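A closer look at the structure
So the chains spell out like this:
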Amino acid sequence: SPKNGIQDFADGKRDTVLSYQGPREFEDIFSSFNRMAVQLKESESAKEYLIMEKQRMLADISHDLKTPITVIQGYAKAVADGLTDEEMQKQYLNTIVKKAESLTDMINTFHDYSKLEHPEFCLVRETQDLAEYLREYLAEKYDEIDLGGFNLEVEIPEETVSYSFDRVQMKRVFDNIMSNICKYTQDHTRVYVNVEDAGDQVRMIFKNISKYPLNISSDELMERFVRGDASRNTEGHGLGLSIASRLTALMDGQLTIDIDGDLFKITVAMKKQA
């Protein structure tokens, strides 16, 4: 009966569907109730998924922080207990410094990601020449790329590409992309960056060609906490590309990844503005 059905719904049985035949006004009420029941079930399912994702995120963060902390503790104890000679002590201390820097980087990245989730997060957008901004960014980044053993080849047209974007957040997008382009290869190679006109879009393409096939898939790269090892035996948070993708979307663009054998390509496509 409708009464029992409503009581079942109140008791948490979200699959409840009421059927009724009678005056049009009452049928509309029952129809509205059924729609509400479906929407509430979908909302609760989405909430449960978000809770599970949050729990997974916390577990993954704990894993990522535990690895460098364990190394730091072990090396620091060895130094403190006098178990190392002068040369080994220097090596251990350098490792401790590197692991501490890695921890700082992870914590900053987690903080960046949490800010994106905050309802008060907003962009400071200005209409500027996007091509010139990318050109300036790569000029500043050149020495770092060169020191990493990569050769940078750039092809950016002289035409002005007017676009409304946040300079600070766009730099974060480029930083995260370049970090991954240089990281997910097994040999130092050339890094190609070019801008192309694609009808109603402007595409900024970052790609790298390695001597060896990349042991990672596009899906793994876009997964928040996976960095090349599905079993998570490697250290790392893997949030960089997720942050870059989210920021690109907030600036009305789209970030895509293509991996085909030894080709690794990240494309940022932005809609042209009138």
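What you are looking at is a predicted structure, and each value in this text was computed from that prediction instead of being measured.

What follows concerns unusual backbone geometry. Of note, Asp 252 is a non-glycine position whose phi angle comes to about 65°, a positive value. Relative to the helices and strands, Asp 252 is located in the loop between α7 (240-250) and β6 (253-260).

On to the confidence of the model for the protein. With 73% of its residues at a pLDDT of 70 or more, the protein has an overall mean of 78. Every residue in residues 224-237 is under pLDDT 50, and counting partners more than four places away or in other chains gives 47 contacts.

This next bit is on the pattern of salt bridges. With the rule as written, the count across this model stands at 9 salt bridges. A salt bridge links Arg 135 to Glu 132; the nearest nitrogen and oxygen atoms lie 2.5 Å apart. Of the two residues, Arg 135 and Glu 132 are both situated in helix α4 (residues 130-147); the distance of 3 residues between them amounts to about one turn of the helix. By relative accessible area, Glu 132 is classed as partly exposed at 30%. Note that Asp 175 is salt-bridged to Lys 141, the shortest N-O span being 3.5 Å. Note that Asp 175 is positioned in helix α5 (residues 167-183) and Lys 141 in helix α4, a separation of 34 residues in sequence. Each of the salt bridges in this network shares a partner with another, and the network as a whole consists of Lys 141, Glu 144, Lys 171 and Asp 175.

Adjacent strands of a sheet form backbone hydrogen bonds with each other and so pair up, either parallel or antiparallel. Taken in spatial order, the 5 strands line up as β2-β4-β5-β7-β6 in an open sheet, and their pairing is mixed. Because the sheet does not close on itself, it has two edges, and the strands there are β2 (151-155) and β6. Strand-to-strand twist of the sheet, defined as the mean angle between neighbouring strand axes without regard to direction, takes the value 15°. Strand direction decides the pairing type here: β6 and strand β7 (residues 263-271), joined by 8 bridges, are antiparallel. Counted as the bridge partner of Gly 253 is Met 270 from β7. Across the sheet, α7 lies against β6 and β7, angled at about 140° from β6, the strand it touches most.

Conventions used here
Residues numbered from 1 in each chain as written. Predicted model: local features only at pLDDT ≥ 70, side-chain atom pairs only at ≥ 80, totals over all residues. Heavy atoms only, no water. Helix = DSSP H or I, 4+ residues; strand = E, 2+ residues; numbered from the N terminus. pLDDT = per-residue confidence, 0-100. Contact = heavy atoms within 4.5 Å. Salt bridge = Lys/Arg side-chain N within 4 Å of Asp/Glu carboxyl O. Buried < 20%, exposed > 50% of the residue type's maximum accessible area, 1.4 Å probe, protein only. Pairing = 2+ DSSP bridges. Axes fitted to C-alpha atoms, helices over the stretch in contact; angles between N-to-C directions.

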